[in-house]
Amino acid sequence: MIDLWGKEPVKVAEIKVGIEARSVETSKYKGYEDKYVIAGDYWPPQFTIMDGETLEPLQIVSTRGMTVGTQEYHPEPRVAAIIASHEHPEFIVNVKETGKVMLVNYEDINNLTTTMIGTAPFLHDGGWDVSHRYFMTAANNSNKVAVIDSKERKMAALVDVGKIPHPGRGANFVHPKFGPVWATSHLGDETISLIGTDPDKHPKNAWKVVETLKGQGGGSLFIKTHPKSKHLYLDTTFHPDAKISQSAAVFDISNLEGGYKVLPIGEWSGLKGGAQRVVQPEYNEAGDEVWFSVWNGQEEESAIVVVDDKTLELKTVIKDKRLITPTGKFNVHNTQYDVY
């Protein structure tokens with residue numbers, strides 16, 4: 001845990017909760033803001049709930065159990081995404097191989113209660129719709145997105161999408177025709193699925209793929225927009241064509257049928273050699289800059305490329321010997337308030 005509000009960032013606490021920790025989140029329900037921290041592991045298959053000020057472990061919970069559907073025992077189900085409910089004092093935990101979403105209630109930290117919601121394998125990343133009520137989470141081995149109603153504490157829908165959805169937190173925006181939507185890109189194909197997320201005002205579009213866009217190709221890991229932006233960005237990090245994996249696509253939300261523009265992020269980085277895989281567009285708080293990681297090998301130089309969101313032109317390149325295989329990078333404000 002690092003204090004970012006001092007004159008210089010200072011590490012104030014440290015704990016090892018396991019190997020290959022996949023996700024970390026703080027409690028966000030009213031009255032419990034930042035009281036607890038949770039971290040999930042790939043190994044051991046468990047999550048740890050800690051004190052928000054000291055990181056003292058308060059509860060360690062195994063995720064071993066039966067898979068959805070077949071009800072077979074799985075000894076090593078990994079924790080994927082974790083998100084904090086705004087509707088109840090709960091953490092929402094994706095257990096990858098079992099295909100189950102755990103609603104972990106921390107109101108009484110000494111007597112945890114957990115609600116298990118069966119969805120589909122294998123659960124991976126996901127994020128909120130714009131209302132912060134519905135958790136949109138990818139079951140990538142099933143080519144589906146599960147919609148978890150955090151208020152009613154049940155699954156609202158299981159939506160068929162493209163091949164191997166991999167949204168990160170996904171992207172929320174108002175579609176010119178279909179109203180509020182949440183978007184995911186895919187590892188396995190070039191499509192972008194737009195799912196309607198407004199059952200109150202647009203019930204015919206709710207929990208359906210209302211439009212499918214085509215990007216540069218498969219291999220996408222993250223898709224992103226911002227409430228103050230008119231653009232939708234996605235990477236193609238694992239595409240086999242280096243020209244595509246070293247660039248990013250951007251759509252104009254008001255003119256989606258106009259297709260995408262390609263930004264040569266790798267070229268703009270000025271790096272010499274290496275894979276130069278472009279990954280994870282991330283906005284600043286103001287929503288007028290987008291930061292891309294240019295990801296090289298451990299012994300090679302990497303960089304972060306900053307793009308002006310209004311002009312779609314290069315703003316600056318950040319290089320430093322401490323930038324080793326940069327991947328995830330998260331704006332503090334946007335992460336704290338679930339802005340995406």
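In the block above lies the structure referred to throughout.
Residues numbered from 1 in each chain as written. Predicted model: local features only at pLDDT ≥ 70, side-chain atom pairs only at ≥ 80, totals over all residues. Heavy atoms only, no water.

(A) Spotlight on the overall build of the chain. Across its full length, the chain carries 3 helices and 28 strands. The C-alpha radius of gyration computed for the chain amounts to 20 Å, which stays within 12% of the reference 20 Å derived for 340 residues, consistent with globular compactness. Projected onto the principal axes, the alpha-carbon positions of the chain cover approximately 55 × 50 × 35 Å. Here the chain holds 340 residues, and the buried ones make up 53% of them. Taking the intrachain contacts of the chain between residues at least 6 apart in sequence as the baseline, contacts between residues at least 24 apart amount to 45%. (Helix = DSSP H or I, 4+ residues; strand = E, 2+ residues; numbered from the N terminus. Rg over C-alpha atoms; globule rule 2.2 N^0.38 Å. Buried < 20%, exposed > 50% of the residue type's maximum accessible area, 1.4 Å probe, protein only. Contact = heavy atoms within 4.5 Å.)

(B) Quick look at the layout of surface pockets. Roughly 260 Å³ of volume is contained in the second largest pocket. Along its surface, the second largest pocket is lined by 18 residues, and V130, N172, F173, P227 and Y340 are the ones closest to its centre. Secondary structure elements with two or more residues in the lining of the second largest pocket: strand 17 (171-175) and strand 18 (179-184). Looking at the lining of the second largest pocket residue by residue, the class counts come to 10 nonpolar, 6 polar and 2 charged. (1 Å grid on protein atoms, 1.4 Å probe; cavity = no way out; pocket = protein on both sides within 12 Å on 5 of 7 lines; lining within 4 Å. Points joined across faces, edges and corners; volume = space filled by probe spheres on them. Nonpolar A, V, L, I, M, F, W, Y, C, P; charged D, E, K, R; others polar.)

(C) Quick peek at unusual backbone geometry. For the bond running from W43 to P44, omega is -10°, close enough to zero to count as cis. As for its placement among the helices and strands, P44 is situated in the loop between strand 4 (36-43) and strand 5 (46-51). That bond from P121 to F122 is cis: its omega, -20°, falls within 30 degrees of zero. The backbone of D34 sits at a positive phi, close to 60°, despite the residue not being glycine. Summarising the element assignment, D34 is placed in the loop between strand 3 (19-26) and strand 4.

(D) Structural view of the packing of aromatic side chains. This structure, assessed with the given rule, holds 10 aromatic pairs. Judged by centre distance (5.9 Å) and plane angle (75°), the ring pair of Y233 and Y283 falls under edge-to-face. One end of the pair, Y233, is in strand 22 (residues 231-235); the other, Y283, is in strand 25 (residues 277-283), and 50 residues separate them in sequence. Residues Y233 and Y283 agree in their burial class; the two are buried. Taking 5.8 Å as the distance between ring centres and 65° as the angle between the ring planes, the aromatic pair formed by F251 and Y260 counts as edge-to-face. Through successive ring pairs, a cluster of aromatic residues spans Y29, Y32, Y36, F91 and Y106. (Phe/Tyr/Trp six-rings, centres within 6.5 Å; stacked < 30°, edge-to-face > 60°.)

(E) The sheet that holds strand 6 (residues 57-62), seen in detail. As summarised here, the arrangement of the 4 strands in space is 3-4-5-6, forming an open sheet in which the pairing is antiparallel. Strand pairing shows two members of the sheet lacking a second neighbour, strand 3 and strand 6, which therefore form its edges. For this sheet, the mean angle separating the axes of adjacent strands, direction not counted, is 20°. For strand 4 and strand 5, the ladder comprises 5 bridges, and the chain directions are antiparallel. Directly across from Y36, in strand 5, lies its bridge partner D51. (Pairing = 2+ DSSP bridges. Axes fitted to C-alpha atoms, helices over the stretch in contact; angles between N-to-C directions.)

(F) Fine view of the environment of K230. Summarising the element assignment, K230 is placed in the loop between strand 21 (223-224) and strand 22. Distance in space between the C-alpha atoms of K230 and D309 is 8.6 Å, their sequence separation being 79 residues. With near-sequence residues (within four places) excluded, K230 lies in contact with F251, D252, I253 and D309.

(G) Spatial organisation of the sheet that holds strand 18. The strand order across the open sheet built from 4 strands is 17-18-19-20, with neighbouring strands paired in antiparallel fashion. Edge positions in the sheet fall to strand 17 and strand 20 (209-214), since each of these pairs with one other strand and no more. Averaged over all adjacent pairs, the angle separating strand axes in this sheet is 30°, with direction ignored. Alignment of strand 19 (residues 191-196) against strand 20, held across 5 bridges, turns out to be antiparallel. Looking at strand 20, one finds that I192 is bridged to L213.

Limitation: the analysis is restricted to geometry and does not speak to function.
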